[in-house]
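# Structural overview
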Amino acid sequence: MAKPPQMQAFMAVLLCFLMLGSCPLDVMGEWRTCQGTVGMKGRGEAISLEDFGGVGDGQTVNTAAFREAVYRIERLRRGGGTLLYVPAGVWLTGPFNVTSHMTLYLARGAVIRAVQDTWNWPLIAPLPSYGRGRELPGGRYMSLIHGNGVHDVIITGENGTIDGQGFVWWNMWRQRTLPFTRPNLIEIMHSRDVLITDVMLLNSPFWNIHPVYCSNVEVRHVTIVAPHDSPNTDGIDPDSSSNVCIEDCYISTGDDLVAIKSGWDEYGIAYARSSSDITIRRVTGSSPFSGIAIGSEMSGGVRNVLVEHVNLYDTGIGIHIKTNAGRGGSITNVTVSDVYMENVRKGVRIAGDAGDHPDKYYNPKALPVVDGVTIKNVWGYNVGQPGSIQGIKGAPFTRVCLSNVRLRGGGGGGSTPWKCTDVSGAAQGVMPWPCAQLSSSNGMGSCSSHM
């Protein structure tokens, strides 16, 4: 008797993982490493969600099936780990955890869809580097797919979909009826060796991908989509994490496409875990807010960031570095290059007055340091304002270096002037010409090696 197509696909994945440790392109999609950060790997065995009573009819709630499958992977450790196969279909579920040495594999046509019974959504503790939920005091709702203290975790497939059904959460936010901070779509905490690739993320309730207190994280070939009026639906937010690589992604959301963070005011200062060694390349997208952002929560520090080959369309701010008095911490050694932007309200904004505070206990004298920011080879068309750099009185931004930055207004005409305060650095080949603080020869020496 012929096997059904879903079983045939499952058997193909099972065989290539067991026999080869890898799969052909038509089964697994394109394989590429992201600077060798994590990389794909085979598993010792493969199991299907259907083995645990899962039903992909879009109506049956599969939370128990997901949790039982993960429990089985965790308890019955197999050499090389286990692949959990999600066949084509719509798999309605509440939040569930992933575990170490696990691959969550979404077949072509598979949709993991969040339930909308928010009253039953589990609560978890606030992040220690934030001191409270990001939106509201107290705890926060658990992400749809969650991991804590795990390693060697892969979320991948044949461009299957993880749908957060965020509409109900967005409406609660708009109506101010949220009791706690909304859930992320995927959050991995205190973990290492995490790969997310070849999936689509749709309509997240809050931030889409949030690796926090992690190391060795790779996100590539991921599509992230939410309406432009969806609140705070950031695309990818590395947070107090190191050795992170984000490549070849398309993101169109209601907030920052990629935002690097490291904790909030006095809580981030006390937790003292930076975000470092982060690479972002070949990202394309659109947002009413920022394309590539650092901050505004950066109190643990951000250092060693490379952003290159980015294309931004119909976006609020192209490149946005944002902090505030009370943040403490530092942003150092940041290079942004080869960016094209079109129909953007502001090309570059480096701001010392951005973002709010968690409570009244922050120290307004904790002034952040912004030093060593290089922005080069940036082209823009129909850019409303080329840029502004507004440092903090008593803590000016230093070594801000602009090179070959050409941001034109609509129709090829001129743009409004740059605005700058409390900043030093240099500029070369910038059109329209930037502010005097960056055009003097005083900053050329510190910038010459970066321009």
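Let us look at the structure shown here. (Residues numbered from 1 in each chain as written. Predicted model: local features only at pLDDT ≥ 70, side-chain atom pairs only at ≥ 80, totals over all residues. Heavy atoms only, no water.)

### Considerations on the overall build of the protein chain
Counting secondary structure elements, the protein chain contains seven helices and 26 strands. Out of the 451 residues belonging to the protein chain, those deemed buried represent 58%. At a minimum sequence separation of 6, the contacts of the protein chain that also span at least 24 residues come to 77%. Roughly 16500 Å² of accessible area belongs to the protein chain as shown, and the carbon and sulfur atoms make up 53% of that amount. (Helix = DSSP H or I, 4+ residues; strand = E, 2+ residues; numbered from the N terminus. Buried < 20%, exposed > 50% of the residue type's maximum accessible area, 1.4 Å probe, protein only. Contact = heavy atoms within 4.5 Å. Areas by Shrake-Rupley, 256 points an atom, 1.4 Å probe, with all protein chains shown as cover.)

### Things to note about the environment of glycine 409
You can see glycine 409 is positioned in the loop between strand 24 (397-407) and strand 25 (419-421). In this structure the C-alpha to C-alpha distance between glycine 409 and valine 383, which are 26 residues apart in sequence, comes to 4.9 Å.

### Brief notes about the side chain of arginine 43
Along the polypeptide, arginine 43 turns up in the loop between helix 2 (25-28) and strand 1 (45-48). On the basis of relative accessibility, which here comes to 2%, the residue arginine 43 falls in the buried class. Within the structure, the side chain of arginine 43 is placed 3.4 Å from the backbone oxygen of glycine 80, a separation counted as a polar contact. Separated by 2.8 Å, the side chains of arginine 43 and threonine 103 make a polar contact. (Polar contact = N/O pair within 3.5 Å; in protein donor to acceptor, adjacent residues only side chain to side chain.)

### Digging into the pairing of strand 10 (residues 145-148)
Strand direction decides the pairing type here: strand 5 (residues 96-97) and strand 10, joined by two bridges, are parallel. Along strand 10, the bridge assignment pairs asparagine 97 with histidine 146. (Pairing = 2+ DSSP bridges.)

### What to know about the nonpolar core
Among the nonpolar cores identified, the biggest contains 93 residues, and Leu104 and Ile375 are the most heavily contacted of them. No other element matches strand 22 (residues 330-351), which puts eight residues into this core. Residues contacting leucine 104, with those up to four places away along its chain left out, are Phe66, Leu84, Val86, Phe96, Ile112, Ile145, Ile154, Ile155 and Thr156. Core analysis: the second largest hydrophobic core is formed by eight residues, Tyr130, Trp207, Tyr213 and Trp264 among them. (Core = buried A, V, L, I, M, F, W, Y, C linked by side-chain atoms within 4.5 Å.)

### Here's the deal with the environment of glycine 138
Looking at the secondary structure, you find glycine 138 in the loop between strand 8 (123-124) and strand 9 (140-141). According to the relative accessible area criterion, glycine 138 is partly exposed, its value standing at 33%. Considered as a pair, glycine 138 and proline 126 are 12 residues apart in the sequence and their alpha carbons are 6.7 Å apart. Here glycine 138 is in contact with Pro126, Arg132 and Gly133, once residues within four sequence places are set aside.

### So, the state of the cysteines
Applying the stated criterion to the full structure yields one disulfide. With a sulfur-sulfur separation of 1.7 Å, cysteine 420 is cross-linked through a disulfide to cysteine 435. On the sign convention where negative means left-handed, the S-S torsion of about -55° between cysteine 420 and cysteine 435 marks this disulfide as left-handed. Of the two residues, cysteine 420 sits in strand 25 while cysteine 435 sits in the loop between strand 26 (423-431) and helix 6 (436-439), which places them 15 residues apart along the sequence. Overall, cysteine 420 belongs to the buried group, its relative accessible area being 13%. On the accessibility criterion, cysteine 435 (9% relative accessible area) is buried. (Disulfide = S-S within 2.5 Å.)

### Some points on the pairing of strand 7 (residues 110-114)
When you tally the buried positions in strand 7, you get four out of five residues, the bulk of the element. One ladder, built from three bridges, connects strand 7 with strand 12 (residues 160-163); its direction is parallel. The residue bridging valine 111 from the neighbouring strand is threonine 161, located in strand 12.

### Section: unusual backbone geometry
Of the consecutive residues glycine 295 and serine 296, the connecting peptide bond is found in the cis state with omega at 5°. Among the structural elements, serine 296 can be located in the loop between strand 20 (290-294) and strand 21 (302-322). Note the cis peptide between methionine 431 and proline 432, where omega equals -10°. Among the structural elements, proline 432 can be located in the loop between strand 26 and helix 6. In this structure, tyrosine 213 takes a positive phi of about 60° despite not being glycine. Mapped onto the elements of the fold, tyrosine 213 is located in the loop between strand 15 (209-212) and strand 16 (215-225). Note on tyrosine 213: relative accessible area 1%, which makes it buried. Despite not being glycine, aspartate 248 has its phi angle at roughly 55°, a positive value. Secondary-structure assignment places aspartate 248 in strand 17 (residues 242-252).

### With respect to the pattern of salt bridges
Throughout the structure, instances matching the rule amount to 22 salt bridges. One salt bridge connects glutamate 297 with arginine 134, and the closest N-O pair in it is separated by 2.4 Å. Placement of the pair is glutamate 297 in the loop between strand 20 and strand 21 and arginine 134 in the loop between strand 8 and strand 9, with a sequence separation of 163 residues. For the pair glutamate 297 and arginine 134, one class covers both residues: buried. With a shortest N-O distance of 4.0 Å, arginine 174 and aspartate 229 are connected by a salt bridge. Remark: aspartate 229 occurs in the loop between strand 16 and strand 17 and arginine 174 occurs in helix 4 (residues 167-175); sequence separation between them is 55 residues. Judged by relative accessible area, arginine 174 falls into the partly exposed class, the value being 38%. Here the salt bridges do not stand alone but share partners, grouping Glu247, Asp248, Arg281, Arg282 and Glu308 into one network. (Salt bridge = Lys/Arg side-chain N within 4 Å of Asp/Glu carboxyl O.)

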